[in-house]
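One letter stands for each residue in the lines below.
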Amino acid sequence: MRQHLPSFSRLAGLSLVTAAAALLGGCSKLIIFSPAGDVAQQQGDLVVASVVLMLIIIIPVMALTVFFAWKYRASNKDARYEPEWDHSTQLELVIWAAPLLIIICLGALTWVSSHLLDPYRPLSRTAPGQAVAADVKPLEVQVVALDWKWLFIYPEQGIATVNEFAAPMNRPVVFRITGSSVMNSFYIPAMAGQIYAMPGMETKLHAVFNKPGKFVGFSANYSGAGFSDMRFAADSMTDAQFDAWVAKAKASKDTMDRKTYLQVEKPSEKVPAHLYTLSDPDLFDAIVNMCVEPGKMCMHEQMAIDQRGGMGVAGLKNSDQLFYDKTAARGTGKPADWNQKISALCIDPKQANMPGDRPESSPVAIDRLNGLGLTHKDDAAASHASSSALLSASAGNVPAPTRSNP
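Just so you know, these numbers come straight off a predicted model, no measurement behind them.

A. Highlighting the packing of aromatic side chains. Within the structure shown, the criterion is met by 17 aromatic pairs. For the ring pair Y154 and F242, a centre distance of 6.4 Å and an interplane angle of 50° mean the geometry is tilted. Taken as a pair, Y154 in strand β4 (residues 149-154) and F242 in helix α4 (residues 239-250) lie far apart in primary sequence, 88 residues in all. Accessibility expressed as a relative area gives 0% for Y154, which makes it buried.

B. Fine view of the pairing of strand β7 (residues 173-179). With 7 of 7 residues buried, β7 is to be regarded as a mostly interior element. Of the two faces of β7, the one holding V173, F175, I177 and G179 and the one holding V174, R176 and T178 are both buried throughout. Here strand β3 (residues 139-146) runs beside β7; their pairing, made up of 7 bridges, is parallel. Directly across from E140, in β7, lies its bridge partner V174.

C. A look at the state of the cysteines. With the rule as written, the count across this model stands at 1 disulfide. One disulfide bridge connects C291 with C298, the sulfur atoms lying 1.9 Å from each other. Every disulfide takes its handedness from the sign of the S-S torsion; for C291 and C298 that torsion is 80°, giving right-handed. Taking the relative accessible area as the measure of exposure, C291 reaches 5% and is therefore buried.

D. Quick look at the sheet that holds β7. Strands sit in the order β10-β7-β3-β4-β5-β14-β13 across an open sheet of 7 strands; the sheet is mixed. Single-partner strands in this sheet number two, and they are β10 (203-207) and β13 (255-256). Note: β13 against strand β14 (residues 274-278), 2 bridges, orientation parallel. Of the residues in β14, the one forming a bridge with M256 is L278. Running over the sheet, α4 touches β3, β4, β5 (159-162) and β14 and is turned about 75° from β14.

E. Local environment of helix α7 (residues 299-307). Among all positions in α7, only H300, E301, A304, I305 and Q307 are buried. The buried residues of α7 occupy one face: seen down the axis, they fall within an arc of 165°. Just beyond α7, the residue with positive phi is G309, at close to 120°.

F. The arrangement of the UniProt feature "transmembrane region" (unreviewed entry) in the protein chain in detail. Those places that UniProt annotates as "transmembrane region" (unreviewed entry) correspond, in this numbering, to residues 12-34, 46-70 and 91-112. The annotated region residues 46-70 carries 100% helix and 0% strand content, and the separation between its end C-alpha atoms amounts to 36 Å. Regarding residues 91-112, the helix share stands at 100% and the strand share at 0%, and the terminal C-alpha atoms are separated by 32 Å.

G. Inspection of the side chain of T126 at higher detail. With respect to the secondary-structure elements, T126 resides in strand β1 (residues 125-127). In this structure T126 touches D38, V132, N170, P172, V208 and N210, once residues within four positions along its chain are discounted.

H. Spatial organisation of the pattern of salt bridges. For the coordinates displayed, the defined rule picks out 8 salt bridges. The salt bridge partner of R171 is E156, with a shortest N-O separation of 3.3 Å. Remark: E156 occurs in the loop between β4 and β5 and R171 occurs in the loop between β6 (164-168) and β7; sequence separation between them is 15 residues. Note on E156: relative accessible area 43%, which makes it partly exposed. Connected via shared salt-bridge partners are E140, R176, E202 and D285.

I. Main features of helix α2 (residues 38-71). Between the first and last C-alpha of α2 there are 48 Å, a value that for 34 residues agrees with the 50 Å anticipated at 1.5 Å per step. Looking at the buried side of α2, the elements it contacts are α3 (89-116), β1, β9 (192-197) and β10.

J. Structural context of the pairing of β5. Every second residue of β5 is oriented toward a common face, with I159 and T161 on one face and A160 and V162 on the other, all of them buried. Two strands pair when backbone bridges link them, and β4 and β5 are joined in this way by 4 bridges, in the antiparallel orientation. Of the residues in β5, the one forming a bridge with F152 is T161. Hairpin remark: β4 followed by β5, antiparallel, with 4 residues in the connecting loop; positive phi at G158, about 75°. Relative to β14, β5 runs antiparallel, the two being bridged by 4 bridges. Among the inter-strand pairings, T161 is bridged to a residue of β14, identified as L275.

About the cut-offs
Residues numbered from 1 in each chain as written. Predicted model: local features only at pLDDT ≥ 70, side-chain atom pairs only at ≥ 80, totals over all residues. Heavy atoms only, no water. Phe/Tyr/Trp six-rings, centres within 6.5 Å; stacked < 30°, edge-to-face > 60°. Helix = DSSP H or I, 4+ residues; strand = E, 2+ residues; numbered from the N terminus. Buried < 20%, exposed > 50% of the residue type's maximum accessible area, 1.4 Å probe, protein only. Pairing = 2+ DSSP bridges. Disulfide = S-S within 2.5 Å. Contact = heavy atoms within 4.5 Å. Axes fitted to C-alpha atoms, helices over the stretch in contact; angles between N-to-C directions. Arc of directions from axis to C-beta. UniProt positions renumbered as here; feature names shortened; annotations may be inferred. Salt bridge = Lys/Arg side-chain N within 4 Å of Asp/Glu carboxyl O. Expected span 1.5 Å × (residues − 1).

Here it is as structure tokens:
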């Protein structure tokens, strides 16, 4: 039997129908254009507006390219042939004025949006025409990027979760974000844009959910073998559902403290969601300052020492407490010794004049590194006296006593 091959036009038509069906079927997955949060919606609108402005130039250029190629083809003897033509003032004005206007519009749109959608900027609204009341307290969620999972700490609710995030609708959320090893990127497409998570640093993100639903968050920055499974549930709930979820977490028999964190921090893949009660409200600050493991001095304490002149030559003997090796957490060395003591400054980051929101938000005076002059490793009395003087100087902004280095 003779077989007839389908015509080119029939194949083209079938391809267009198939492509259209695939695009329409995937519209529900284009979450960035139909998100559940006002911040993400504004970011999606910015993308659409930018593309439309660029298409004002791109579409005419592509159309004219086809038009000129057809009109001035070799077989068209009626087209004007002017080999000596080289300049047109009117054409030059059109060619340069149109892109210039587009660039001005894009620049103005980008400048305004960059400030309004600054992730560090507290939300002024939760939806179009719905301003945030002055008495509304944002929900604080502390986020830690681990290998290869996410830890969420709710200090106000006293709970912690692994690979599960939930928030009530129409309540602003402020994320405090950090990491434990390599750089990651925290991203919930339905809620807001991505923000980096880096060890020893804290970044912030303000966002809000406006629609109920179950969404997905993930890492948008490659971080190793388990990166592809570094995903977590992101649920938008009503107030009653959120309260019930918090109660469920508080009923958990597992407690998130420093010992538990060091176990959770170990690299693992495809970790199921888990709920914990939170017993250490200062855990996140210890993670940021790299001093969860016993025997480690926190970074803000060391920076406070350096700001006041350092510990002098004697401080070199304290270097073991400053080395962040993560051996206890990663299981490559001896288990953490929870009876180990460290001579550190028990100060709050604010007392140490550490910045609150941004690294550049508070000026830091750089003085000559003349040291506090600890004389001996075992000179506990001198160490205590110098530390006390440093605390007084840091809190009261009075000159710290200094001695020449031995």
